[in-house]
Amino acid sequence: MGSNQGELLHQVLAIVIKELKILMRDWQALALLFAMPAFFILVMSFALEGVFESGSRDRPIEIMVVNRDGGGVSQGVISDLKRMEGVTLIEFADGAPLSLEKAENAVGKGQVALALVIQEGFSDKILLPPKDTRQKAKIAFIHDPTTNIRLLAGVKGTIQGIVHRRALIAAIPQRLKRALRTEGIQSSYPVGSWSQILDENIDGLLAQATGEDGGQASVEFLNLSPGGAAAGRFPTATEQSIPGYTIFGVFFIVLTLASSFIQEKKDGAFQRIMAAPLTKPAFMVGKLLPYYLVNLFQIALMFAVGVIFFHIQLGNLSALVVVSLALALAANGLGLLVAALGKTEAQVGGWSVLLAIILAALGGMMVPSYIMPGAMKTLSLFTPHAWALAGYHDVMMRGLGLREVLLETGVLLGFAGVFFIVAFWRFRFH
Amino acid sequence: MSGPIIRVEDLRKKYGSSEAVRGISFQVHPGDFFGLLGPNGAGKTTIIGTLTGWIAPTGGRIEILGMDLSSRSKEAKKKMGLVPQGFAFYPTLTARENLGFFGKLYGLKGRHLEERVTYVLGIVSLEDRADQAAGTFSNGMKRRLNIAIGLLHEPALLILDEPTDGVDLQSRNKILETIKRLNLDGVTILYTTHYIEEAEDLCNRVAILDLGKIIALDTPRGLTQSFGKGIIQIELNAAMDESLLRQMETIGSVLWMDEKKRRVHLETDQTASALSQLLEWKEKRKAIFKSLDMMEPSLKTVLIRLIGRSLRD
């Protein structure tokens, strides 16, 4: 090896060692580099477990059934549903058959995603001619307006298929009788002639028996909200996703805010500000206010895009504003906390991204919390994201007002308070 | 004002178990150009931090224009201007925007603020760059903007921490001229620098710091008279042997010698005769002597004597 290459190698090695030393000295930043993907995998795996495994034998979907019919067809539907893999039917509460009120209550509280109500006279109405629309057999799906439409669609589709099949099996003998009458075939014909009669007429008879309503029994399916929520309108997929995306975006202020403190200290401007005749609270308010306004503008913009391009409905505006004010305060508090705890740019960057993603995943921004396992559901309550999302859902999807979002607003303000107190306590002004 | 501009009594600052400032006391009088000299880690920046209020002292008392800094910090800070060691401004803002922002922190507003901004830009010769982003400036221009921000609110006391560090000679001269003029106009200056010749040229009083303590405080002339002897810096090609060391001790005292025994500081009252003796030995032992450098008594030799090395070593 020539002396030049030797020198080059020496220099490269020196740089590598220097960089490694710097990295090792900022151990928190280094730890975050490893911890971030590990946390991400852990949280996302637990959170998404519901999506990929819900409806499986190990993680069955719980569906409440209120049978107000009691007839043979509805019993058949229920026994078919029970045989479905990945579904657990809940028919009883406290030893008694489920009432509509209890089912609505459970759906409203997010204890189950779906309730099935088999209306009175379902079994009898199935047997009536399908042309009589006033007498249609009815089944209602009760689900919360915030329940993910895409997730529900598959479950509802399967249930509808089972109901149609069972209804058709029940209705075919009646229909066949009607078809025989229409074809002028009398039941009094000698037994030996039936084989020939059926051979000659089977296609026409089956077409009449199954083709009266396109091969389906006449069952009407209704979509209802649980009691207390605005009835008659279910949110669009965009309405469901915009609050989550908004909250996710709002918490990215943590990175911007915390980095600005670190940069200010690095530039030396912080030292000059501390030497100025200025109180620390005044400095903090002046420093945080622009980021708070940025957050509010960000929220307004996200909802404006939703209204203008996707025609989403915002619900009670004053309630929406109150939740937004509290949400932005919590996000700013977290930003200041990261600025107070992070010593270097790398630490601040690592913590900000880690918190933005992990809290969003835990808080139900990426995966609805109702399909998370129990422990994750409980953990999600420790994130401001989950409370902000609940507040927005109450206003935009359940049509609730200011009074109903006071709890969510209060909890968000509580998060903000804790973040600010710890941040002020730990912030290094010197 | 008849009292001191700065009165510091038994100032202390601890960081954990390490004591950065160990009970120092001094006064700076109106019109003073007061220098704080000392090697890195001597405590200069910590002292400036405590004087300007961004570092809380562990003990002691600071008065600025008779106002206790702990109880009347806001009023005291209004009388002080700070020029920190780093470029303490926002690089993405223009010079004018930076000045405007910091001026407002000191309560300047409206036409008065505009006038002051224009005035200080003139003092540091940055009028034609006023609307350029400060981050695009050369180091010299950044240093000048740093000074302009410190001057904006017409402080009675200007504290400058290494204001010429890392700038070219031309910019350095410009900065020094500006500071001299300010002092002549009545602004009291507290100044730290690595450049001993700057302190010698500018300061009427100098405090020499080492390991968080003031080890000498006087006028540069007074310090030189008290502590300044001639120093001969000797560099050898090989380690000093015992016989050469004994010879050297006959013409002066060895102040300092490096670990390899190849660099020696020899202090003497009779620099001329000591040098001629050394030149004679050099002639005889050409192989061992690499260089001889004589320093007449000055602030530099005072520092070498008191601290054991030059500030730049």
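Here the residue numbering is sequential within each chain, running from 1 through the sequence in written order. Working convention: letters from A go to chains and numbers from 1 go to ligands, in the order in which they are written. Given that the model is predicted, a residue must reach a pLDDT of at least 70 before its local features are reported, and side-chain atom pairs must reach 80 or more before they are shown or counted; all residues, however, enter totals for whole chains, interfaces and linings.

Examining the overall build of chain B
Where we set the bar: A run of H or I in DSSP counts as a helix once it spans at least four residues, and a run of E counts as a strand once it spans at least two, with each numbered from the N terminus. The burial criterion counts other C-beta atoms lying within 10 Å of a residue's C-beta, which is placed from the backbone; the residue is buried at 20 or more, exposed at 12 or fewer, and partly exposed between these limits.
The number of helices and strands found in chain B is 11 helices and 14 strands. In terms of principal-axis extent, the alpha carbons of chain B reach across some 75 × 45 × 35 Å. Here chain B holds 313 residues, and the buried ones make up 40% of them.

Quick notes on the sheet that holds strand β6 (residues 80-83) of chain B
Residues and elements named next belong to chain B. The line we're drawing: At least two DSSP bridges between two strands are required for those strands to pair. Fitted lines through C-alpha atoms serve as axes, helices being fitted only where they are in contact, and the angles separating the N-to-C directions of these axes extend from 0 to 180 degrees. The contact rule is simple: place each C-beta atom from the backbone, and if two of them lie within 7 Å, those residues are in contact.
Spatial strand order, β6-β7-β8-β3-β9-β10: six strands in an open sheet with mixed pairing. Each edge of the open sheet is held by one strand with a lone partner, namely β6 and β10 (213-218). Here the strands of the sheet are splayed against their neighbours by 15° on average, with no regard to which way each runs. Packing against the sheet, helix α5 (residues 139-151) makes contact with β6 and β7 (157-161), and its axis sits at approximately 165° to β6. Sheet contacts for helix α11 (residues 299-307): β3 (33-37), β9 (205-210) and β10; angle to β9, the most-contacted strand, approximately 30°.

A few points about the interface of chain A and chain B
Interfaces are often sized by the amount of accessible area the parts lose when they come together. Stated precisely, the cut-off is as follows: In this classification, the charged set is Asp, Glu, Lys and Arg, the nonpolar set is Ala, Val, Leu, Ile, Met, Phe, Trp, Tyr, Cys and Pro, and all remaining amino acids, among them Gly, are polar.
Contacts between the two partners involve 12 residues from chain A, matched on the other side by 20 residues from chain B. The element best represented in the side of chain A that touches chain B is helix α10 (residues 269-275) of chain A, accounting for six residues. Residue composition of the side of chain A that touches chain B, grouped by class: seven nonpolar, three polar and two charged.

Considering the domain arrangement of chain B
Rules: Domain borders in the structure are assigned automatically or taken from a domain database.
Splitting chain B by domain gives domain 1 (6-220) and domain 2 (229-296). For domain 1 of chain B and domain 2 of chain B, the distance between their C-alpha centroids amounts to 40 Å.

Comments concerning the sheet that holds strand β14 (residues 289-295) of chain B
Paired through their backbone hydrogen bonds, the strands of a sheet run either parallel or antiparallel. All names here are of chain B. Across the sheet, four strands lie side by side as β12-β13-β11-β14; this open sheet has antiparallel pairing. Strand pairing shows two members of the sheet lacking a second neighbour, β12 (253-257) and β14, which therefore form its edges. Across the sheet, the axes of successive neighbouring strands diverge by a mean angle of 20°, strand direction being ignored. Pairing geometry for strand β11 (residues 230-236) and β14, over six bridges, is antiparallel.

Considerations on the packing of helix α3 (residues 95-105) of chain B against α5 of chain B
Between two packed helices, the angle of one axis relative to the other and the distance separating the axes together describe the packing. All names here are of chain B. Using the following cut-off: Roughly parallel refers to an angle under 35 degrees, roughly antiparallel to one over 145, roughly perpendicular to one between 65 and 115, and oblique to any angle outside these ranges. By convention the crossing between two helices is left-handed if the near helix lies anticlockwise of the far one by an angle smaller than a right angle, and right-handed if it lies clockwise.
Their axes nearest at 9 Å, the elements α3 and α5 cross at an angle of 30°. Between α3 and α5, the crossing angle belongs to the class labelled roughly parallel. The crossing of α3 and α5 is right-handed. Here Ala-95, Asn-98, Leu-99 and Phe-102 of α3 come into contact with α5, specifically with Leu-145, Ala-148 and Ile-149.

Some words on α5 of chain B
Quick reminder of the rule: A helix is expected to span 1.5 Å multiplied by its residue count minus one.
The end-to-end C-alpha separation of α5 of chain B is 19 Å, in line with the 18 Å expected for 13 residues at 1.5 Å each. For α5 of chain B, the set of buried residues is Met-141, Lys-142, Arg-143, Arg-144, Leu-145, Asn-146, Ile-147, Ala-148, Ile-149, Gly-150 and Leu-151 of chain B. Those residues of α5 of chain B that are buried are in contact with α10 of chain A together with β6, α3, α4 (110-123), β7 and α6 (169-184) of chain B.

Some remarks on the environment of Ala-386 of chain A
Residue and element names in this part refer to chain A. Within the secondary structure layout, Ala-386 lies in helix α15 (residues 384-396). Counting along the chain gives 26 residues from Ala-386 to Leu-412, while the straight-line C-alpha distance between them is 9.6 Å. In contact with Ala-386, other than residues within four places in its own chain, are Gly-363, Gly-364, Ser-369, Ser-380 and Leu-381.

Concerning unusual backbone geometry
All names here are of chain B. The backbone of Asp-10 sits at a positive phi, close to 50°, despite the residue not being glycine. Mapped onto the elements of the fold, Asp-10 is located in strand β1 (residues 6-15). According to the C-beta neighbour criterion, Asp-10 is partly exposed, with 13 such atoms within 10 Å. Located in the positive-phi region is Leu-211, a residue other than glycine, with phi close to 50°. Along the polypeptide, Leu-211 turns up in the loop between β9 and β10.

Digging into the nonpolar core
Basically, it comes down to this: As used throughout, a nonpolar core is a set of buried Ala, Val, Leu, Ile, Met, Phe, Trp, Tyr and Cys residues joined through C-beta atoms within 7 Å of each other.
Counting 87 residues, the largest nonpolar core has Leu-145, Ala-148, Leu-158, Ile-159, Ile-189 and Leu-190 of chain B as the members making the most contacts within it. The contact partners of Leu-158 of chain B, leaving out residues within four places of it in the chain, are Gly-81, Val-83, Gly-150, Leu-151, Leu-182, Val-187 and Ile-189 of chain B. Leu-320, Val-323, Ala-328 and Ala-361 of chain A belong to the second-largest nonpolar core, a separate cluster that totals 58 residues.

A few points about the packing of helix α9 (residues 253-267) of chain A against helix α11 (residues 280-310) of chain A
Residue and element names in this part refer to chain A. Running from amino to carboxyl end, α9 crosses α11 at an angle of 165°, the nearest separation of the two axes being 11 Å. One finds that α9 runs roughly antiparallel with respect to α11. With respect to the hand of their crossing, α9 and α11 are arranged in right-handed fashion. On α11, the residues touching Ile-253, Thr-256 and Leu-257 of α9 are Tyr-291, Val-294 and Asn-295.

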